[in-house]
Amino acid sequence: MSVKVTRLANGLTVATDAMAGVESATVGVWVAAGARHEPAEVNGIAHLLEHMAFKGTERRSALAIAEEIEAVGGYLNAYTTREHTAYYARVLAGDVPIAVDILADILQHSTFDPAELERERAVILQEIGQAEDTPDDIIFDHLQLTAFPEQALGRPILGSPAIVRRLDREAVRSYMRTRYGASSMILVGAGRVEHEALVRLAENHFAELPAKADLAREPAAFVGGERRDTKELEQVHLVLGFAGLPHTDPEYYAASVYSTLIGGGMSSRLFQEVREKRGLVYSVYSFSNSYFDGGLFGVYAGTGEAQAAETLRVIADELARAREDVSEEELNRARAQVKAGLLMGRESTGARAEQLAQQLMIFGRPLPVADIVAELEAVDRARLMRVAERLTSSPPAFAALGPIDGLGPLGELARALS
């Protein structure tokens, strides 16, 4: 196995996944702090912190950070999810020390300059506005809020304009001090990287991290319900959701195969039935999102106002049919898609780094690829139909956006699935 893991004295985990035949490496820090770790009054602060980390340190300006990584042809970026935040760089192998130095600098010595904060606040408000103007994006925030109401897991990652406008420098600094401790962070390198060299770099550059971090999170509690927003749009955007499975559930891989079978590609049931045979939609697909202690399975469709009610009915019918009727041929096809996605992703240094970081955060250990493939191969028809029943048995969560007057009551949908 190419993966090596070391835990430093201060609690920081350092992990590498060496890849033969590549000249580059992805190096990043994954932090177990995301939108679900925020108190309601500072919703959006994890994302604001992610932006501000690039806006200057005690020894580098925002411009200097960008110039230094690009001077070696590298790439630096970050993202925030509901459960973690990641900061990463892709560089040539010889420039890994530069990448580590910059990552350590922004995560320990950011100054959060007030002028930069005001500029970045305006950027994020524009980002929120853009999301609101993108119906096939914002509909998922509506579903999340409906599925997990009055919970951190249900709140938007970007936060609301009202909260973002009042977040100040001290709030950002306080959140970082509380959540960004060595015990909540993993430094990962994948590609042409040497483990002991990365460990030495980590020991030299991450010595100023606080050892402890607040890792508390509110438990996930799927509720369900519905939200309908009338808006002048060309399409109706529909998302139907159900309680999903956590990462650690024994049927996690069966759920992945099922989601692919029902709506994961052009040969999937939903694509064939809803788009190809009936011409009701341009876009329809399923998704299976897992969290530490819960999940969200669902289906998205974008359709016309006159076709919305029928689209929803056909989706419900297909979900119900999959509980009792799965062929060996479509099972094999879906399983092959999931397996190919896993193995093809391993050709990317970025995908390998992210996969390793996720495994360490969730399971506390790396998972051998052979074990994952074996889990996928063990998914048979009986397991698939059991997981189909399980994933569609909760009260549904439903969100609709657009010209929605023709949609019937949600109760009709629930009866079709009962």
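Above this text you will find the structure in question.
Note that the structure is predicted; figures quoted are calculated from it, not measured.

The rules behind the values
Residues numbered from 1 in each chain as written. Predicted model: local features only at pLDDT ≥ 70, side-chain atom pairs only at ≥ 80, totals over all residues. Heavy atoms only, no water. 1 Å grid on protein atoms, 1.4 Å probe; cavity = no way out; pocket = protein on both sides within 12 Å on 5 of 7 lines; lining within 4 Å. Points joined across faces, edges and corners; volume = space filled by probe spheres on them. Helix = DSSP H or I, 4+ residues; strand = E, 2+ residues; numbered from the N terminus. Nonpolar A, V, L, I, M, F, W, Y, C, P; charged D, E, K, R; others polar. Pairing = 2+ DSSP bridges. Axes fitted to C-alpha atoms, helices over the stretch in contact; angles between N-to-C directions. Contact = heavy atoms within 4.5 Å. Expected span 1.5 Å × (residues − 1). Buried < 20%, exposed > 50% of the residue type's maximum accessible area, 1.4 Å probe, protein only. Polar contact = N/O pair within 3.5 Å; in protein donor to acceptor, adjacent residues only side chain to side chain. Phe/Tyr/Trp six-rings, centres within 6.5 Å; stacked < 30°, edge-to-face > 60°. Core = buried A, V, L, I, M, F, W, Y, C linked by side-chain atoms within 4.5 Å.

Asks: Help me understand the layout of surface pockets in this model?
Replies: Once rolled over the atoms, a probe with the size of a water molecule shows which space is left empty. Estimated volume of the largest pocket: approximately 860 Å³. Lining the largest pocket are 31 residues, with His247, Tyr252, Gln355, Gln358 and Ile362 sitting closest to its centre. Listed by contribution, the elements that provide at least two residues to the lining of the largest pocket are helix H9 (252-263), strand S9 (281-290), helix H12 (328-345), helix H13 (349-363) and helix H14 (369-377). Per element, the largest residue contribution to the lining of the largest pocket is nine residues, and it comes from H13. Looking at the lining of the largest pocket residue by residue, the class counts come to 14 nonpolar, 12 polar and five charged. Lining of the second largest pocket is provided by 17 residues; of these, Arg82, Asp137, Phe140, Asp141 and Ile157 occupy positions nearest its centre. Counting only elements with at least two residues in the lining of the second largest pocket, the list comes to helix H4 (114-132), helix H5 (135-147) and S9. Among the elements that make up the lining of the second largest pocket, the one with the highest residue count is H5 (six residues). Looking at the lining of the second largest pocket residue by residue, the classes come out as nine nonpolar, four polar and four charged.

Asks: Looking at this structure, how should I read unusual backbone geometry?
Replies: Residues other than glycine predominantly adopt negative phi, and peptide bonds predominantly adopt the trans conformation. Positioned with a positive phi, Phe112 is a non-glycine residue whose angle comes to about 50 degrees. Secondary-structure assignment places Phe112 in the loop between helix H3 (96-108) and H4. Here Glu150, not a glycine, exhibits a phi torsion of approximately 55 degrees, which is positive. Within the element layout of this structure, Glu150 appears in the loop between H5 and helix H6 (161-166).

Asks: Help me understand the sheet that holds strand S5 (residues 85-92) in this model?
Replies: Note on sheets: strands pair through backbone hydrogen bonds, and any given pair is parallel or antiparallel. With mixed pairing, six strands are arranged side by side in an open sheet as S1-S2-S6-S3-S5-S4. The sheet is open, and its two edges are formed by strand S1 (3-7) and strand S4 (75-80), each paired on a single side. For this sheet the average axis-to-axis angle between neighbouring strands, irrespective of direction, equals 15 degrees. Sitting on the sheet, H3 is in contact with strand S3 (24-31), S4, S5 and strand S6 (185-191), with an inclination near 155 degrees to S5.

Asks: Would you explain the side chain of His109 in this entry?
Replies: Checked against the element boundaries, His109 lands in the loop between H3 and H4. Contact partners of His109, with chain neighbours within four places excluded, come to Thr57, Glu58, Ala104 and Glu208.

Asks: What is the right way to look at H5 in this model?
Replies: Given 3.6 residues per turn, any residue in an α-helix points the same way as the ones three and four places further on. A rise of 1.5 Å per residue sets the reference length of H5, with its 13 residues, at 18 Å; its end C-alpha atoms lie 18 Å apart and thus fit the reference within 8%. Turning to H5, its buried residues are Pro135, Ile138, Ile139, His142, Leu143, Gln144, Thr146 and Ala147.

Asks: In this structure, what is going on with the side chain of Thr303? I would like to understand it.
Replies: By secondary structure assignment, the location of Thr303 is in strand S10 (residues 295-303). Assessed through its relative accessible area of 0%, Thr303 is described here as buried. Within the structure, the side chain of Thr303 is placed 2.6 Å from the backbone oxygen of Leu280, a separation counted as a polar contact. With near-sequence residues (within four places) excluded, Thr303 lies in contact with Gln235, Val236, Leu238, Leu280, Val281, Ala308 and Thr311.

Asks: Would you mind going over helix H1 (residues 45-52) with me for this structure?
Replies: Of all eight residues in H1, eight are buried; the element is thus mostly enclosed. Its buried side turned inward, H1 meets S4, S5, H4 and helix H7 (169-179).

Asks: Help me understand the sheet that holds strand S11 (residues 397-402) in this model?
Replies: Pairing is mixed across the open sheet formed by five strands, whose spatial order is S7-S11-S8-S10-S9. On the outer flanks of this sheet lie strand S7 (225-230) and S9, each paired with one strand and no other. In this sheet, neighbouring strand axes are inclined to one another by 10 degrees on average, regardless of whether the strands run parallel or antiparallel. Sheet topology note: the S9/S10 ladder contains nine bridges and is antiparallel. Looking across to S10, one finds that Val284 is bridged to Ala301.

Asks: Got a minute to help me understand the packing of aromatic side chains in this structure?
Replies: For any pair of aromatic rings, geometry is given as the distance between the ring centres together with the angle between the planes. Enumeration over the complete set of coordinates arrives at 12 aromatic pairs. The interplanar angle of 70 degrees and the centroid separation of 5.5 Å between the aromatic rings of Phe140 and Phe287 together place this pair among those described as edge-to-face. With Phe140 in helix H5 and Phe287 in strand S9, this residue pair connects regions lying 147 residues apart in the sequence. On the basis of relative accessible area, Phe140 is assigned to the partly exposed category, the value being 22%. Taken together through their ring pairs, the aromatic side chains of Phe140, Tyr285, Phe287 and Tyr300 make up a single cluster.

Asks: Just checking my understanding: could you explain the nonpolar core for this structure?
Replies: For soluble globular proteins, the rule of thumb is that nonpolar side chains tend to be buried together. Ranked by internal contacts, the top residues of the largest apolar core, which has 68 residues, are Leu12, Tyr87, Ile106, Leu107, Tyr180, Leu198 and Phe206. Top element by residues in this core is H3. It accounts for eight residues. Discounting residues that sit within four places of it in the chain, Leu107 has contacts with Val29, Tyr87, Met176, Tyr180, Met185, Phe206 and Leu209. Core analysis: the second largest hydrophobic core is formed by 45 residues, Leu245, Leu270, Leu331 and Val338 among them.

Asks: Got a minute to help me understand the pairing of S10 in this structure?
Replies: Remark: a regular strand shows side chains that alternate across the two faces of the sheet. Of all nine residues making up S10, nine are buried, and the element is well covered by its neighbours. Of the two faces of S10, the one holding Gly295, Phe297, Val299, Ala301 and Thr303 and the one holding Leu296, Gly298, Tyr300 and Gly302 are both buried throughout. In the sheet, strand S8 (residues 236-243) pairs with S10 via eight bridges, with the strands oriented antiparallel. Paired with His237 across the strands is Gly302, a residue of S10.

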